[in-house]
Amino acid sequence: MAAAAAIYSLFIINKSGGLIYYKDYGSAGRMDTNDSLRVASLWHSMHAISQQLSPIVGCSGIELLEADTFDLHCFQSLTGTKFFVVCEPGTLQMDALLKVIYELYTDYVLKNPFYEMEMPIRCELFDLNLSQAVQKDRVALLGR
C-alpha cells in the first residue's frame, strides 16, 4: 500500500449538513469546491435517511460505506457534527483515526475563542496537528 494513497480525503459537516472543512490527501479524482459541497450534502442526507429507515432502534446512521474503489468511514459526534474519511478499500483503523480527528477538533477548533460554531474551520493549529495525525496514521499503515 502506498503511503500517500491510504486516505483520499477528509470531510467535516456541521449538524445542518453544511461542509465546514474539507481536505484532499492526493486522491486520484480531485474534486473542486462544488463537488465537495455536493458530496457533503449527499452524505448528510443519506446518513439522516438511514437513521430513520433502520430497523434497529437507536441506530446512529451509516458508519461504513464500502465500494469497489473506496471506503467511506463516518463518525458522528453527540452534537451532530459528522467527520468522514474516504480511503482505499480495506483500510484499517479508520475509526480510531476519526476519533483522533474529533479530539483535535475539540482541542483546537472548539476551544478557539475566534471560532464561530457551524462556520467553516480556519484554524492553523488544527491544520498542523491534523496533518501530523494523518501522517502518523500513514506510517502506522506502512508498518503492518
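The coordinates are above.
This section reports on the structure supplied with the text.

Procedures and definitions
Residues numbered from 1 in each chain as written. Predicted model: local features only at pLDDT ≥ 70, side-chain atom pairs only at ≥ 80, totals over all residues. Heavy atoms only, no water. Helix = DSSP H or I, 4+ residues; strand = E, 2+ residues; numbered from the N terminus. Buried < 20%, exposed > 50% of the residue type's maximum accessible area, 1.4 Å probe, protein only. Contact = heavy atoms within 4.5 Å. Areas by Shrake-Rupley, 256 points an atom, 1.4 Å probe, with all protein chains shown as cover. Expected span 1.5 Å × (residues − 1). Pairing = 2+ DSSP bridges. Axes fitted to C-alpha atoms, helices over the stretch in contact; angles between N-to-C directions.

**Points about the overall build of the chain**
And then number 1: Each helix and strand in the chain was counted, giving three helices and five strands.
And then number 2: Along the chain direction, N to C, the helices and strands of the chain fall in the order β-β-α-β-β-β-α-α.
And then number 3: Counting over 144 residues, the chain shows a buried share of 40%.
And then number 4: Long-range contacts, defined as pairs at least 24 residues apart, comprise 48% of the intrachain contacts of the chain with a sequence gap of at least 6.
And then number 5: Counting every atom, the chain has about 8400 Å² of accessible surface; 57% of that belongs to carbon and sulfur.

**Considerations on helix H2 (residues 94-110)**
And then number 1: With 17 residues, H2 should cover 24 Å at 1.5 Å per step; its first-to-last C-alpha distance of 22 Å lies within 8% of that length.
And then number 2: Those residues of H2 that fall on the buried side of the exposure criterion are Met94, Leu97, Leu98, Ile101, Leu104, Tyr105 and Val109.

**Looking at the pairing of strand S1 (residues 7-13)**
If a strand is regular, its side chains alternate between the two faces of the sheet.
And then number 1: Counting buried positions along S1 yields seven of seven residues, so the element is predominantly enclosed.
And then number 2: In this structure, S1 lies alongside strand S5 (residues 82-87), joined through six bridges in antiparallel fashion. Bridge pairing in S5 places Ile7 opposite Cys87.
And then number 3: Strand direction decides the pairing type here: S1 and strand S2 (residues 19-24), joined by five bridges, are antiparallel. Opposite Ile13, over in S2, you have Leu19 as the bridge partner.

**Remarks on the sheet that holds S1**
And then number 1: Spatially, S2-S1-S5-S4-S3 is the arrangement adopted by the five strands of the open sheet, whose pairing is antiparallel. Looking at strand neighbours, the two that pair on one side only are S2 and strand S3 (64-66), the edges of this open sheet. Geometrically, the sheet is characterised by an average inter-axis angle of 10° between neighbouring strands, direction not taken into account.
And then number 2: Contacting S1, S2, strand S4 (71-76) and S5, H2 runs over the sheet at an angle of about 135° to S5.

Remember, this is a structural readout, not a statement about activity or role.
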